[in-house]
Amino acid sequence: MKNDMNFEKPLTELREKIDELKKFTISSDIDLSDEIAKLEERAVKLENEIYGNLSPWQKTQIARHSLRPTSLDYIKAIFEDFIELHGDRSFADDPAIVGGIAILNGQPVTVLGHQKGKDTKDNIARNFGMPHPEGYRKALRLMKQAEKFKRPIICLIDTPGAYPGKAAEERGQGEAIAKNLFEMAGLTVPIISIVTGEGGSGGALALGVADRIYMLENAIYSVISPEGAAALLWKDASLAQKAAETMKITAKDLYGFNIIDGIIEEPKGGAHKDTGKTADAMKSIIVSALEELYHLSKDEMLKQRYNKYKNIGCYQ
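Residues numbered from 1 in each chain as written. Predicted model: local features only at pLDDT ≥ 70, side-chain atom pairs only at ≥ 80, totals over all residues. Heavy atoms only, no water.

## Describing the overall build of the protein
Secondary structure assignment for the protein yields 14 helices and eight strands. Against the globule reference of 20 Å for 316 residues, the protein gives a C-alpha radius of gyration of 21 Å, in line with a compact fold. Within the protein, the fraction of its 316 residues that count as buried is 49%. A separation threshold of at least 6 residues defines the contact pool for the protein, and within that pool the share at least 24 residues apart is 72%. A total of about 16000 Å² of accessible surface is found on the protein, and carbon and sulfur atoms cover 54% of it. (Helix = DSSP H or I, 4+ residues; strand = E, 2+ residues; numbered from the N terminus. Rg over C-alpha atoms; globule rule 2.2 N^0.38 Å. Buried < 20%, exposed > 50% of the residue type's maximum accessible area, 1.4 Å probe, protein only. Contact = heavy atoms within 4.5 Å. Areas by Shrake-Rupley, 256 points an atom, 1.4 Å probe, with all protein chains shown as cover.)

Right under this line is the structure:
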């Protein structure tokens with residue numbers, strides 16, 4: 001379904017009108033400062049109205065925005081001296097998942113993330129952020145390396161889902177994801193996962209077994225995409241908006257269910273409006289969470305991680 005962001009149109013048009021008046025003021029002797037001030041006041045009010053009451057489908061559109069920062073954008077902004085490592089030592093390197101070693105406040109960490117492209121060519125090269133099995137095996141290799149050298153693991157989740165193609169299935173897509181879930185549950189170093197955009201199905205879960213899970217304000221996290229759910233439930237993918245409204249996929253919903261541990265605030269309009277500000281908020285959360293986890297023994301940390309997932313889905 002087309003990501004048209006129509007709900008932003010009134011604000012975009014108003015901002016364009018303000019810019020036109022400012023340019024006209026500069027090129028002429030007419031003072032329009034009062035009119036501009038009134039329009040800017042109106043724009044702020046409209047911005048608060050639009051972004052303060054986003055529907056789940058509108059948040060889905062923001063999560064998929066073509067300008068939304070990627071994992072590499074956040075890695076560059078949050079960490080220092082990032083060295084990307086490649087390959088699963090078995091088949092190939094998967095560019096849909098990036099990972100390596102970096103420095104966070106003077107401490108070595110292992111960073112992993114789904115990687116979407118910036119344009120059509122880049123998206124094709126990155127397979128639109130949908131990993132093959134070798135991507136998950138690369139991630140697991142780096143996580144086991146992190147455990148060996150006692151480095152905490154930071155995972156950035158942003159994928160529509162694991163690649164469902166024939167070749168991926170032939171190379172063991174389901175097994176690769178299941179192995180990650182199994183191994184991450186028992187890793188003896190702190191793991192922090194942040195859903196930065198789309199958290200789609202098992203493709204997201206393969207980096208999502210963590211001591212702390214956070215979501216950016218406009219991110220989504222679900223067992224299936226709204227389009228996929230609509231196609232299964234109503235045999236009509238065009239009913240994705242209806243599916244998004246009923247699936248409880250937003251950060252607010254998932255925080256209410258105790259599935260995630262916190263929501264990271266974004267600039268109005270989404271993370272792409274100010275990547276630096278969003279990255280600073282993410283860094284603050286990561287540092288704070290690591291400080292908490294460092295005080296736990298390995299046994300305490302593993303017990304907490306086990307109980308965290310055991311309690312998901314419990315009801316009275």
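## A short note on the domain arrangement of the protein
Its domain assignment divides the protein into domain 1 (6-53) and domain 2 (60-311). Its C-alpha centre places domain 1 at a distance of 37 Å from the equivalent point of domain 2. Between domain 1 and domain 2, the contact holds five residues from the first and four residues from the second. Taken over both partners, the interface formed by domain 1 and domain 2 buries close to 450 Å², and the fraction arising from carbon and sulfur atoms is 60%. By the criterion of area lost to domain 2, the three top residues of domain 1 are Phe7, Glu8 and Tyr51, representing 72% of everything that side buries. Inspection of the region where domain 1 meets domain 2 yields zero salt bridges. (Domains from an automatic or database assignment. Buried area = accessible area lost by both parts, 1.4 Å probe. Salt bridge = Lys/Arg side-chain N within 4 Å of Asp/Glu carboxyl O.)

## Quick word on the pattern of salt bridges
Counted under the stated rule, the structure contains 17 salt bridges. We note a salt bridge from Arg126 to Asp122, for which the minimum N-O separation is 3.9 Å. We note a salt bridge from Arg305 to Asp211, for which the minimum N-O separation is 2.8 Å. Of this pair, Arg305 sits in helix H14 (residues 298-311) while Asp211 sits in the loop between helix H9 (201-205) and strand E6 (212-216); the two residues are 94 residues apart in sequence, bridging distant segments of the chain. What makes Asp211 buried here is its relative accessible area of 4%. Look at the salt bridges and you will find they share partners, linking Arg64, Lys116, Asp158, Glu198 and Glu227 into a network.

## Overview of the pairing of strand E2 (residues 97-104)
Burial analysis of E2 places six of its eight residues in the buried class, the great majority of the element. The pairing of strand E1 (residues 80-84) with E2 spans three bridges and is antiparallel. Each bridged residue has a counterpart across the sheet, and for Glu80 the counterpart in E2 is Ile103. As paired elements, E2 and strand E3 (residues 107-114) share eight bridges and run antiparallel to each other. Each residue of the ladder has a partner; that of Gly100, found in E3, is Val111. Hairpin geometry of E2 and E3 is characterised by an intervening segment of two residues between the two adjacent antiparallel strands and by a positive phi of about 50° at Asn105. (Pairing = 2+ DSSP bridges.)

## Here we look at the packing of helix H3 (residues 56-63) against helix H11 (residues 240-247)
Closest axis-to-axis distance for the H3/H11 pair is 8 Å, and the angle between their directions is 105°. Relative to H11, H3 is oriented roughly perpendicular. Along the contact surface, H3 presents Pro56, Trp57 and Thr60, while H11 presents Ala240, Gln241, Ala244 and Glu245. Partitioned by chemical class, the residues of the contact of H3 with H11 number four nonpolar, two polar and one charged. (Axes fitted to C-alpha atoms, helices over the stretch in contact; angles between N-to-C directions. Parallel < 35°, antiparallel > 145°, perpendicular 65-115°, else oblique. Nonpolar A, V, L, I, M, F, W, Y, C, P; charged D, E, K, R; others polar.)

## Thoughts on the nonpolar core
Grouped together as the largest cluster of nonpolar side chains are 53 residues, with contacts concentrated most on Phe79, Ile153 and Ile192. Ranked by residues supplied to this core, first place goes to helix H13 (residues 275-294) with six residues. For Phe79, the contacting residues outside a window of four places in its chain are Tyr74, Ala102, Ile103, Leu104, Val109, Val111, Ile154 and Ile286. Grouped together as the second largest cluster of nonpolar side chains are 13 residues, Leu11, Ile36, Leu54 and Ile62 included. (Core = buried A, V, L, I, M, F, W, Y, C linked by side-chain atoms within 4.5 Å.)

## Notes on the packing of aromatic side chains
Using the criterion set out here, one finds zero aromatic pairs in the structure. Over the aromatic face of Trp234 sits the side chain of Lys242, whose NZ or CZ is 4.3 Å from the ring centroid. (Phe/Tyr/Trp six-rings, centres within 6.5 Å; stacked < 30°, edge-to-face > 60°. Lys NZ or Arg CZ within 6 Å of the ring centre and 35° of its normal.)

## Description of the environment of Ala231
Counting through the fold element by element, Ala231 comes out in helix H10 (residues 226-234). Setting aside residues no more than four positions away along its own chain, Ala231 makes contact with Asp236 and Ala237.

## Structural notes on the UniProt feature "domain: CoA carboxyltransferase C-terminal" (unreviewed entry) in the protein
Per the UniProt record, "domain: CoA carboxyltransferase C-terminal" (unreviewed entry) is annotated on residues 31-292. Between the end C-alpha atoms of residues 31-292 the distance is 56 Å, and the span holds 47% helix and 19% strand. (UniProt positions renumbered as here; feature names shortened; annotations may be inferred.)

## Side note on the environment of Lys38
By the element assignment, Lys38 lies in helix H2 (residues 33-51). Taking relative accessible area as the criterion, Lys38 reaches 62% and is therefore assigned exposed. Residues Lys38 and Asn123, 85 residues apart in the sequence, show an inter-C-alpha distance of 42 Å.

## Considering the packing of H10 against H11
One can describe the packing of H10 onto H11 by two numbers: an axis separation of 8 Å at closest approach and a directional angle of 100°. Between H10 and H11, the angle falls in the class roughly perpendicular. Touching Pro226, Glu227, Ala229, Ala230 and Trp234 of H10 are Ala240, Lys242, Ala243, Ala244, Thr246 and Met247, all from H11. Within the contact of H10 with H11, the residues separate by chemical class into eight nonpolar, one polar and two charged.

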